[in-house]
Amino acid sequence: MKTEECNKVKLAQQGDADVLAELIHEHYSFLYKYLVKVTMDPALAEDVAQDTILRCIEKIHLYDGSSSFSSWLMTMGTRIYIDQMRRKKREKNWLFKERGIRRIRWQFESRNEEWDGVLESLANLSSEHRITVLLKHYYGYTYEEIGEMLSIPSGTVKSRVATGVRQLREEMR
Amino acid sequence: MDRRDEFETEEEIFLRGLRQSIDRMDHVLDHPSTPSKEQLKGHIHERIQRRRKSMIMELLLFWLVSLFVIGGGVLLVYSASWIVWLIQGISFVTAFVIVVHFNIDGRKEGLR
């Protein structure tokens, strides 16, 4: 972790609200963009990002600096999203999923950008596979780090990543 | 190039394409309405106050329960007859003697 960020975190943990607000402000956009990829739904991503920020405010004293601040936020955001999915079983409801993808497609079409097959396949993956594929192949975390983030064994992560990539490639054929 | 190498290269090409598509999605999507620092400070103060309130409530409850338990204990002490204290004393001394006895026996066996 950068020294500057480390100092900010220490001040925030000591109760400096200005510094904590600054830290969150700096990382919000990154967190939101990560959550859009995870949820494939901009509106849901914004909800989860806000919940993550509130949890961050409450738990900042528990952050030990073993990972970067952004990784810590990503871990909390991912866990909040997984919990929500479990509680509401929203993922089983295809309507929710479709609505999220439609919102992203709308933004693509508004900018005359092509919504390609890779993104369609990524959106069709189950969230557990999508999260692991993103963390491994887009954000570059190791299997062990992803395991710690999701509280699952690294072997499970490895198999989820392999399955996810295989499914993506099969859909692309 | 053997089949495994070919497969890995294909996978690398595929993953590169995936990363590019995701990058593109990042650029295309609307920027989030990031809350201002003032708004965030408001949330932080609100949370801190809420936590402080809940801690005060917990402390208050703790003292109420403690007072109830201490009060009950004091009442019991003053209302109990001398026979209760005799029985309590005898059972305490007996338990102490048994524990010491077993301790000494255990040590002796350990030395053998």
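Model, not experiment: these values are computed from the prediction.

This part is about the confidence of the model for chain B. Residue and element names in this part refer to chain B. Overall, the prediction assigns chain B a mean pLDDT of 85, with 92% of residues at 70 or greater. The least confident element of chain B is helix 3 (residues 82-111), whose mean pLDDT is 83; the most confident is helix 2 (residues 37-79), at 89. Our summary of model confidence lists the complex with pTM equal to 0.75 and ipTM equal to 0.81.

Moving on, we get to the environment of K37 of chain A. Locating K37 of chain A in the fold gives a position in helix 2 (residues 17-39). Looking at K37 of chain A, the relative accessible area reads 2%, which means it is buried. With residues up to four places along the chain from it excluded, the contact list for K37 of chain A reads R130, L134, Y138 and Y139 of chain A together with I22, M25 and D26 of chain B. Separated by 2.8 Å, the side chains of K37 of chain A and Y139 of chain A make a polar contact.

Looking now at unusual backbone geometry. Residues and elements named next belong to chain A. Here M40, not a glycine, exhibits a phi torsion of approximately 60 degrees, which is positive. Looking at the element boundaries, M40 is found in the loop between helix 2 and helix 3 (42-59). By relative accessible area, M40 is classed as buried at 2%. With a phi close to 55 degrees, N112 is a non-glycine residue in the positive phi region. Residue placement: N112 occurs in the loop between helix 5 (94-110) and helix 6 (117-124). Since its relative accessible area comes to 74%, N112 is described here as exposed.

This next bit is on the domain arrangement of chain A. All names here are of chain A. When the domains of chain A are assigned, the result is domain 1 (1-115) and domain 2 (116-172). A C-alpha centroid distance of 18 Å is found between domain 1 and domain 2. Taken together, both faces of the contact between domain 1 and domain 2 bury some 1700 Å²; the carbon and sulfur share is 59%. Here E120 ties to R105 by a salt bridge, and the two come within 3.2 Å at their closest N and O atoms. At the junction of domain 1 with domain 2, the criterion picks out 10 residue pairs in polar contact (both at pLDDT 80 or more). Contributing elements (two or more residues each) for the side of domain 1 that touches domain 2: helix 2, helix 4 (69-88) and helix 5. Its residues placed into classes, the side of domain 1 that touches domain 2 shows 10 nonpolar, four polar and six charged.

Glancing now at the pattern of salt bridges. If charged atoms from side chains of opposite charge come close, those side chains can pair. Under the criterion given, the structure shown has 15 salt bridges over all chains. Where K41 of chain B meets D18 of chain A, a salt bridge forms, and the shortest distance between an N and an O atom there is 3.1 Å. Of the two residues, K41 of chain B sits in helix 2 while D18 of chain A sits in helix 2, which places them in two different chains. On the basis of relative accessibility, which here comes to 43%, the residue D18 of chain A falls in the partly exposed class. Note that E46 of chain B and R50 of chain B form a salt bridge whose closest N and O atoms lie 2.9 Å from each other. With E46 of chain B and R50 of chain B both in helix 2 and four residues apart, this pair spans about one turn of that helix. Taking the relative accessible area as the measure of exposure, R50 of chain B reaches 45% and is therefore partly exposed.

Cut-offs used in this document
- Residues numbered from 1 in each chain as written.
- Chains lettered and ligands numbered in written order.
- Predicted model: local features only at pLDDT ≥ 70, side-chain atom pairs only at ≥ 80, totals over all residues.
- Heavy atoms only, no water.
- pLDDT = per-residue confidence, 0-100.
- Helix = DSSP H or I, 4+ residues; strand = E, 2+ residues; numbered from the N terminus.
- Buried < 20%, exposed > 50% of the residue type's maximum accessible area, 1.4 Å probe, protein only.
- Contact = heavy atoms within 4.5 Å.
- Polar contact = N/O pair within 3.5 Å; in protein donor to acceptor, adjacent residues only side chain to side chain.
- Domains from an automatic or database assignment.
- Buried area = accessible area lost by both parts, 1.4 Å probe.
- Salt bridge = Lys/Arg side-chain N within 4 Å of Asp/Glu carboxyl O.
- Nonpolar A, V, L, I, M, F, W, Y, C, P; charged D, E, K, R; others polar.

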